[in-house]
Amino acid sequence: MKNLLVAAAAFLAVCLSVSPASAQTNAQEPGTKQFEIPLWDGMPPGSSEQGDGDVPKLICTLVDASDPVAAIVILPGGGYGGHAIGHEGYQIAEWFEERGVSSAICTYRLRGKGNAGKGYGHPVPLQDAQRAIQTLRANAAEWNIDPERIGVIGFSAGGHLCATVSTRYAGQPDDSSDRVGSVSSRPDYSILCYPVIAFGKPHTHRGSQQNLLGADASAELISDTSGEVHVSDQTPPSFLFHTAADKVVPAQNSLDYYSALLRHEIPSELHVFPEGRHGLGLAKDQPGASVWPSLCEQWLRGLGVVTIEPR
């Protein structure tokens, strides 16, 4: 009897040692693996420190499936001065997870922090976005991802970065031992949500331009980093949504990019809704614009990215 009581007490102690947080996580996320990793091994290129804002990371959500699934890199907005990581990051990852698509939120470096207070400008955010796509592709086998169904989605200034990484691809590295850098950074599809696109134009979001390029950028650099300039025949299929009422980033930005896609005959889809402020995210409470996720889902199904019904 004494031994039986000791065994029962030990079993109870083990049960109580499981933290409520762990139990809650396991209950809420069945079949999903979530973790964070640094985007770069060691010191990121262009960084000389490893403090707050110097070390970008990937916040990964991998869905459980019998066959390899599609995946997407998420680039939250924030004017290249911060990350709107809630409604343009975590909520977006959850939306894709419900549809069987793995994701990685990229906390790309920007002007707001790091670099001894100076922050980071072009081309550092592009390098981080390229590396994020390469990381998913290089780990495709281990993470059960289809390397030919890896896309990117960006919001606001993250939409500008989405356009840039969709039109400018990383070259082969000098260091052949870089397993991640040796694969393509070209996304297979891209989604741009109320994106900043045009630089040096009347409808430019000046804050994003200045944060990315600095206050004294040359006219040549401004023109070269305008999002529509590098659209080519190699640009991936694209989905865009905007609102006509957006006064922060006017819809003309999306029209500029869409026009460039049309000129190059890139399969693309644009939706401009009459009402809605800037920064809507999933736009759940906005009449009209609230349908953009379902329209995007239909488009993704047509590409073979989404293949299951939402959970």
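Here the residue numbers are simple positions, counted from 1 along each chain's written sequence. Totals for whole chains, interfaces and linings use all residues, but because this is a predicted model, local features are given only for residues with pLDDT of at least 70 and pairs of side-chain atoms are given and counted only at 80 or more. In computing side-chain values, all of the structure's heavy atoms are included and hydrogens and water are not.

Trainee: Is there a simple way to explain helix α7 (residues 206-213) in this structure?
Mentor: Along an α-helix, a turn takes 3.6 residues, which lines up residues three or four apart on a common side. Exposure is judged per residue with a 1.4 Å probe applied to protein chains only, and the accessible area is read against the type maximum: over 50% gives exposed, under 20% gives buried, and values in between give partly exposed. Each helix corresponds to a stretch of at least 4 residues labelled H or I by DSSP, and each strand to a stretch of at least 2 residues labelled E; elements are numbered beginning at the N terminus. Along α7, the positions that sit buried rather than exposed are S208, Q209, L212 and L213. Considered in projection along α7, the buried side chains sweep an arc of 100 degrees and stay on one side of the axis. Residues count as neighbours in contact if any of their non-hydrogen atoms are within 4.5 Å of one another. Tucked into the core, α7 has its buried residues touching α4 (124-138), α6 (157-167) and α8 (219-224). G214 sits one or two positions beyond α7 and adopts a positive phi of about 90 degrees. Directions are taken from the helix axis to each C-beta atom, and the arc is the one they span.

Trainee: Please explain the nonpolar core as it appears in this structure.
Mentor: The tendency in soluble globular proteins is for nonpolar side chains to be buried side by side. Core analysis: the largest hydrophobic core is formed by 43 residues, its most contacted members being V73, L75, C106, L136, I145 and Y257. Residues in contact with V73, not counting those within four places in the same chain, are A104, C106, A132, I133, L136, G151, V152 and I153. Within this scheme, the nonpolar core is defined by two criteria: the residues are buried Ala, Val, Leu, Ile, Met, Phe, Trp, Tyr or Cys, and they are joined through side-chain atoms within 4.5 Å. Counting residues in each nonpolar core, the second largest holds 29 residues, with A93, Y189, F239 and F273 among its members.

Trainee: Mind showing me how you'd approach the layout of surface pockets here?
Mentor: Picture a little ball the size of a water molecule; that probe, rolled over the atoms, points out where space is still empty. Every definition here rests on a 1 Å grid over the protein atoms only: cavities are sets of points where a 1.4 Å probe fits but cannot get out, pockets are open sets enclosed by protein on both sides within 12 Å along at least five of seven lines, and lining residues have some atom within 4 Å of a point. Grid points are joined across faces, edges and corners, and a volume is the space filled by probe spheres set on the points. Of the pockets and cavities examined, the second largest pocket occupies roughly 220 Å³. In terms of lining, the second largest pocket is formed by 14 residues, of which the most central are D52, G53, H83, T107 and K113. Any residue outside Ala, Val, Leu, Ile, Met, Phe, Trp, Tyr, Cys, Pro, Asp, Glu, Lys and Arg is labelled polar, Gly included; the first ten of those are nonpolar and the last four are charged. Of the residues contributing to the lining of the second largest pocket, the split by class is five nonpolar, four polar and five charged.

Trainee: Even after reading the chapter, I still don't get empty space enclosed by the protein, so can you show me in this structure?
Mentor: Under the definition given, this model contains two cavities of 30 Å³ or more. What the largest cavity holds in volume is close to 50 Å³. Around the largest cavity, the lining residues are Y80, H122, P125, L126, H160, L161, T164, L212 and T225. Only α4 and α6 provide two or more residues apiece to the lining of the largest cavity. Ranked by the residues each element gives to the lining of the largest cavity, the list is headed by α6, at three residues. A per-class count over the lining of the largest cavity returns five nonpolar, four polar and no charged. Taken as a whole, the second largest cavity spans an internal volume of roughly 40 Å³.

Trainee: Could you clarify how one ought to interpret the side chain of E228 in this entry?
Mentor: Counting through the fold element by element, E228 comes out in the loop between α8 and β7 (238-243). Judged by relative accessible area, which is 12%, E228 ranks as buried. Under this definition, polar contacts are N or O atom pairs within 3.5 Å; protein pairs additionally need one hydrogen-donor-capable and one acceptor-capable atom, and for neighbouring residues in sequence, both atoms have to be side-chain atoms. A polar atom in the side chain of E228 sits 2.9 Å from the side chain of S226. Once residues lying within four places of it in the same chain are set aside, the contact partners of E228 are I197, A198, K201, D256, Y257 and A260.

Trainee: For this particular structure, what's the right way to read α6?
Mentor: When you tally the buried positions in α6, you get eleven out of eleven residues, the bulk of the element. The complete set of buried residues in α6 reads A157, G158, G159, H160, L161, C162, A163, T164, V165, S166 and T167. Buried-residue contacts for α6 involve β3 (69-75), α4, β5 (145-155), β6 (190-193), α7 and α9 (252-263).

Trainee: Can you help me understand unusual backbone geometry in this one?
Mentor: Backbone phi values are negative for most residues with the exception of glycine, while trans is the configuration of most peptide bonds. The omega torsion across H122 and P123 is 10 degrees, close enough to zero to call that bond cis. Looking at the element boundaries, P123 is found in the loop between β4 (102-106) and α4. You will see that A116, though not glycine, has its phi angle at about 55 degrees, which is positive. Among the structural elements, A116 can be located in the loop between β4 and α4. The phi angle at A283 is positive, at roughly 55 degrees, despite the residue not being glycine.

Trainee: Help me understand the packing of aromatic side chains in this model?
Mentor: Here a ring pair, both rings aromatic, is described through the centre-centre distance and the interplanar angle of the planes. The aromatic pairing rule takes the rings of Phe, Tyr and Trp, using the six-membered ring of Trp, and pairs them if the centres are within 6.5 Å, calling planes under 30 degrees apart stacked, those over 60 edge-to-face and the rest tilted. For the structure shown, the criterion picks out eight aromatic pairs. Measuring from centroid to centroid gives 5.0 Å for W95 and F96, while their planes differ by 85 degrees, and the two rings are edge-to-face. When its relative accessible area of 10% is taken as the criterion, W95 is described as buried. Among the aromatic residues, those joined into a ring-pair cluster are F155, Y194, F241, F273 and W292. Sitting over a ring, as applied to charges here, requires NZ of Lys or CZ of Arg to be within 6 Å of the ring centre and within 35 degrees of the ring normal. The side chain of R109 reaches across the aromatic face of Y120, ending 5.3 Å from its centre.

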